[in-house]
Amino acid sequence: MIRVIGVISGSLLLLSTFTIPLFSKCPISDGATLIVRAPVGDLQVDTNGREAAVDFQVDNSLLQVQENCGKDVELTGNAPDPAQIHGTIVWRIVTPKNVNLDLVATAGNIDIGNVDGDSILRTTGGHITAGQIKGKAAIITQGGLVKAGNVGGDAEIRSQGGTLEIGDVGGNAEFHTTAGQIRAGSISGAVTAEGGRAIFIIKAGDVKATTNAGDISIGDAARINAKTAGGSITSRRVRGPFQGHTESGDIRLDSAAAWVEASTGQGNIVVHLAPENIDGDLHMDLQAGIGDVTVYVPPRLKATIDATVQRPAFQAQQIISDFPMNGIAPGRPVQGLIPNNRFYSPTHSQSLLNGGGNKITLHTSLGKITIRRQ
Amino acid sequence: MSCKDYQHQITLLLYDELSESIRVELETHLQDCPNCHEAYESEKTMHSVLAEDAARWHDIPSDLLVESRRALADELDRIERKRSWWRVPAFSVVFTPMRLLESVALIAMGLALGVYVSNQRQVSPQIAPNPTQEQISGIPRNGTISNLQIVNADPITGQVELAGEISQPLRFQGKMEDDTVRSLLFSALRDANNPGSRLKAVEVLAQKPTDEMIEEALINALVYDGDAGVRMRAIEALQKFAGEQHVRAAFMHTLGNDTDAGIRVKAIDALMARNSRDVELAKSLEAVTKKDDNPYIRSKVLEFVGTAK
């Protein structure tokens, strides 16, 4: 009997060394920083703690955690022998939300709730999910996706491949991913977005967006500089200058308040010019390789329009305009103003609106050009 | 006909290229002759295997059959030319019913040709349209002509022959099952200069990843596409099939070779989710990722190895 009890006790003791979670607690004050360095395992940070303290537990006794309970709380784990790890190690941390977070998971995912302070979240390859962050945010993973709520301050979000999804940002924002999408809400400041696929931004100040492949869609921006190797560029409203280039895809601006420079290798360009200041710089340079160019201009605009179709379609009209245009004979641009006749459909036309002014250059190698009254 | 002759006809029978009378004759013979019947069964088995295999030959140029037929026709012409003149029915000394039939047919064809030619000559000035007009009406209005050359211009007849290239905008609608739709999508996947087009093609194809051809196209995109975004989208589409052998092989290739850590992370996550407790896979993963510079991937593999054991 004693032997049986001994065996059971021994087994339980042995078992407990592997399964008993490690508990600990450190006091933490408002505005202090919780620092975690996890060499292995996922980090789960619950920010609904009501006490002014950090509770944490790690569900694997192979991991030894060293806590430093000073003004800031620092939790550091040793790196156990990987061969002895069975299953996923999880760090469960409970903290009040009015702290800053500085979390590093060397090989795991990070999941945090709402935080009033700043947050620095880094992992070498896991996914990162975060609630609302009232302060600044730096969220970096080498591989996984990032999903975060609103950020009150500046935001820097990076992943080498994963998709980035973020809510509104109160400051400036930087987004980088090599193979993922970027989806962001309203950004008060400037944005730099480099993506591997589509980029969607609801609203922002100055936008610089670049993607290797995929569409760029910006709802409303103070200024846009967008470039994609293959995909469309669209904006519902740009309040300042626009520069955009796509190797293949359409460019569409529903409301452009200032000058526009847009080019596409293959695709259509449609620009509705709706200037806030009719006397400002409103030049346009729209170039399509294969595709149509359509521009809507206000009748009060002072402009010198120059439209060229390099390789006209067989029998279709090349340049369609609501304004009177002068056709220019090919090769004789200086003296060659000729009236249209049945043998000649102009492929290069010019027009002066309200005496001329802003230079509007419209060019397509293969397609048609349409100039409409706004 | 001898058995040897009949056996030569078997292939044509399987390709349904025999005339009705010969087919009936051959089928009757096959019922009576065990040797020829055996030869027929053997040929038929091979034919069905080839037919199954041929269904997977999607990349065969469409003009290959045309070229083959042309080569065959040329060869038959060459053989025909070698035939002695006296074997032409009109000069044949062997007067059989078949020869008589051939001769009658030849005479009838000659007469018909003569009537046709004489009629053509009579009516051609009235019904022949202006060749230039006819050709222009065949060119779409929105087409763009390039590289136009004047091949021939006869000042006497006014006949002009032009050659060039025409391109026109394309808009095509159809279901994913339609061959043309698929061909266009696969064509977009091969557009080396346009990653955006490739990405969109993958996105559309990802809607039907259960289709074998589409699955192969997605695997190709995952393994060979130069754009990380396209590869990532392909792996996202394939991840729920990570339990299938060939998809698994593609994911293993990705783990070992893809330069983008994000895609490797996606591959490892998908493989682990779909193949838990697969000891062999665990060993392979350990070998493939041993030197991976990403600690997350190494750690996940070790975790998987521990769980699988």
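Residues numbered from 1 in each chain as written. Chains lettered and ligands numbered in written order. Predicted model: local features only at pLDDT ≥ 70, side-chain atom pairs only at ≥ 80, totals over all residues. Heavy atoms only, no water.

1. What to know about the overall build of chain B
Rules: The way it works is that DSSP assigns letters per residue, a run of H or I at least four long becomes a helix, a run of E at least two long becomes a strand, and they are numbered from the N terminus. Three exposure classes are used, based on accessible area relative to the maximum for each residue type with a 1.4 Å probe and protein chains only: buried under 20%, partly exposed in between, and exposed over 50%. The contact definition used throughout considers only heavy atoms, calling two residues in contact when any of these lie within 4.5 Å. Accessibility throughout is a Shrake-Rupley quantity obtained with a 1.4 Å probe, and a residue counts as covered only by protein chains that appear here.
Scanning chain B from terminus to terminus reveals 14 helices and two strands. Burial statistics for chain B: of 309 residues in total, 31% are counted as buried. Residue pairs at least 24 apart in sequence account for 49% of intrachain contacts in chain B once pairs closer than 6 positions are excluded. Accessible area for chain B stands at about 20,600 Å²; split by element, carbon and sulfur atoms hold 55% of it.

2. Re the pattern of salt bridges
Basically, it comes down to this: When a carboxyl oxygen of Asp or Glu lies within 4 Å of a side-chain nitrogen of Lys or Arg, that pair is called a salt bridge.
Scanning all chains against the criterion turns up 24 salt bridges over all chains. Of the charged contacts, one joins A:R237 and A:D220 as a salt bridge, the two residues approaching to 3.3 Å between their closest N and O atoms. On the criterion of sequence distance, the pair formed by A:R237 in strand 21 (residues 233-238) and A:D220 in strand 20 (residues 216-228) is long-range, its members being 17 residues apart. Taking the relative accessible area as the measure of exposure, A:D220 reaches 6% and is therefore buried. One salt bridge in this structure joins B:D278 and B:R248, with 2.8 Å as the shortest N-O distance. Taken as a pair, B:D278 in the loop between helix 12 (261-274) and helix 13 (279-289) and B:R248 in helix 11 (residues 245-257) lie far apart in primary sequence, 30 residues in all.

3. Comments concerning the confidence of the model for chain B
Residue and element names in this part refer to chain B. Cut-off, in case you're wondering: The pLDDT value expresses, per residue, how confident the predictor is, ranging between 0 and 100.
Averaged over every residue, the pLDDT of chain B is 76; residues scoring 70 or more account for 71%. When mean pLDDT is compared element by element in chain B, helix 10 (residues 228-238) scores highest at 92, while helix 6 (residues 131-137) scores lowest at 46. The low-confidence segment residues 120-134 (pLDDT under 50) makes two contacts with residues lying over four places distant or belonging to another chain. Confidence estimates for the predicted assembly give a pTM of 0.71 and an ipTM of 0.76.

4. Points about helix 7 (residues 179-189) of chain B
All names here are of chain B. Put simply, the rule reads: Our arc is simply the arc of the directions from the helix axis toward the C-beta atoms.
Buried residues of helix 7: V181, R182, L185, F186, A188 and L189, and no others. Angular distribution of buried residues about the axis of helix 7 spans 155°; they occupy a single face of the element. Where helix 7 is buried, its residues contact helix 8 (195-205) and helix 9 (212-224).

5. Points about the packing of helix 11 of chain B against helix 13 of chain B
How two helices sit against one another is set out by the angle between their axes and by the gap between those axes. All names here are of chain B. Which entries qualify depends on this criterion: Only the contacting stretch of a helix is used when fitting its axis, a line to C-alpha atoms as for every element, and angles between N-to-C directions run 0 to 180 degrees. Should an angle lie under 35 degrees it is considered roughly parallel, over 145 roughly antiparallel, and from 65 to 115 roughly perpendicular; all remaining angles are considered oblique. Crossing handedness follows the turn of the near helix against the far one: under a right angle anticlockwise gives a left-handed crossing, and clockwise gives a right-handed one. The nonpolar class holds Ala, Val, Leu, Ile, Met, Phe, Trp, Tyr, Cys and Pro. Asp, Glu, Lys and Arg form the charged class, and all remaining residues, Gly among them, are polar.
Running from amino to carboxyl end, helix 11 crosses helix 13 at an angle of 25°, the nearest separation of the two axes being 9 Å. By the angle between their axes, helix 11 is roughly parallel relative to helix 13. In this structure, helix 11 crosses over helix 13, and the sense of that crossing is right-handed. For the pair formed by helix 11 and helix 13, the contact residues are R248, M252, L255 and G256 on the first element and L281, S284, L285, V288 and T289 on the second. Taken together, the residues of the contact of helix 11 with helix 13 sort by class into five nonpolar, three polar and one charged.

6. What to know about the pairing of strand 1 (residues 144-153) of chain B
For a regular strand, side chains alternate in direction, first toward one face of the sheet and then toward the other. Residue and element names in this part refer to chain B. Applied cut-off: For two strands to count as paired, DSSP must find a minimum of two bridges between them.
Direction of pairing for strand 1 relative to strand 2 (residues 160-167): antiparallel, over a ladder of seven bridges. Bridge pairing in strand 2 links Q149 to A163. Between the antiparallel neighbours strand 1 and strand 2 lie six residues, among them G158 with a positive phi of about 80°.

7. Observations concerning the interface of chain A and chain B
To keep it simple, the criterion reads: Once two parts are joined, some of their accessible surface, as seen by a 1.4 Å probe, is lost; buried area is that loss totalled over both. In the analysis that follows, any N or O atom pair within 3.5 Å is treated as a polar contact, provided that within protein one partner can donate a hydrogen and the other can accept it, and provided that, for residues neighboring in sequence, both atoms belong to side chains.
Counting from both sides, the interface comprises 39 residues of chain A and, opposite them, 37 residues of chain B. In total, chain A and chain B occlude about 2,800 Å² of area from one another, counting both sides; carbon and sulfur atoms represent 53% of this. For the pair chain A and chain B, the number of links is two salt bridges. With a closest N to O distance of 2.8 Å, B:K200 and A:D215 form a salt bridge. Counting across the chain A and chain B interface gives eight residue pairs in polar contact (both at pLDDT 80 or more). Grouping the amino acids of the side of chain A that touches chain B by side-chain chemistry returns 12 nonpolar, 24 polar and three charged.

8. Considering the pairing of strand 20 of chain A
Residues and elements named next belong to chain A. In terms of strand pairing, strand 19 (residues 199-211) meets strand 20 through 11 bridges, oriented parallel. Opposite K208, over in strand 20, you have N225 as the bridge partner. In the sheet, strand 20 pairs with strand 21 via five bridges, with the strands oriented parallel. By the bridge assignment for strand 21, S217 is matched with T234.

9. Considering the nonpolar core
Rules: The criterion is simple. A nonpolar core is a set of buried Ala, Val, Leu, Ile, Met, Phe, Trp, Tyr and Cys residues joined through side-chain atoms within 4.5 Å.
The biggest cluster of nonpolar side chains holds 89 residues, and the ones touching the most others in it are A:W91, A:I112, A:F175, A:I201, A:L286 and A:L362. By size, the runner-up hydrophobic cluster in this structure holds 49 residues, among which are A:A179, A:A213, B:A242 and B:V247.

10. Digging into unusual backbone geometry
Residues and elements named next belong to chain A. Here N354, not a glycine, exhibits a phi torsion of approximately 50°, which is positive. Here N354 is to be found in the loop between strand 31 (348-353) and strand 32 (358-366). N354 sits in the partly exposed class, given a relative accessible area of 44%.

11. Thoughts on the state of the cysteines
We count it as follows: Whenever a pair of cysteine sulfur atoms sits within 2.5 Å, that pair is classed as a disulfide.
Under the criterion given, the structure shown has one disulfide over all chains. Between the sulfur atoms of A:C26 and its disulfide partner A:C69 the distance amounts to 1.5 Å. Separated by 43 residues along the polypeptide, A:C26 in strand 1 (residues 22-27) and A:C69 in strand 5 (residues 65-69) bring together distant segments of the chain. On the accessibility criterion, A:C26 (0% relative accessible area) is buried. The closest cysteine sulfur to the non-disulfide-bonded B:C3 is located on B:C36, 3.6 Å from its own sulfur.

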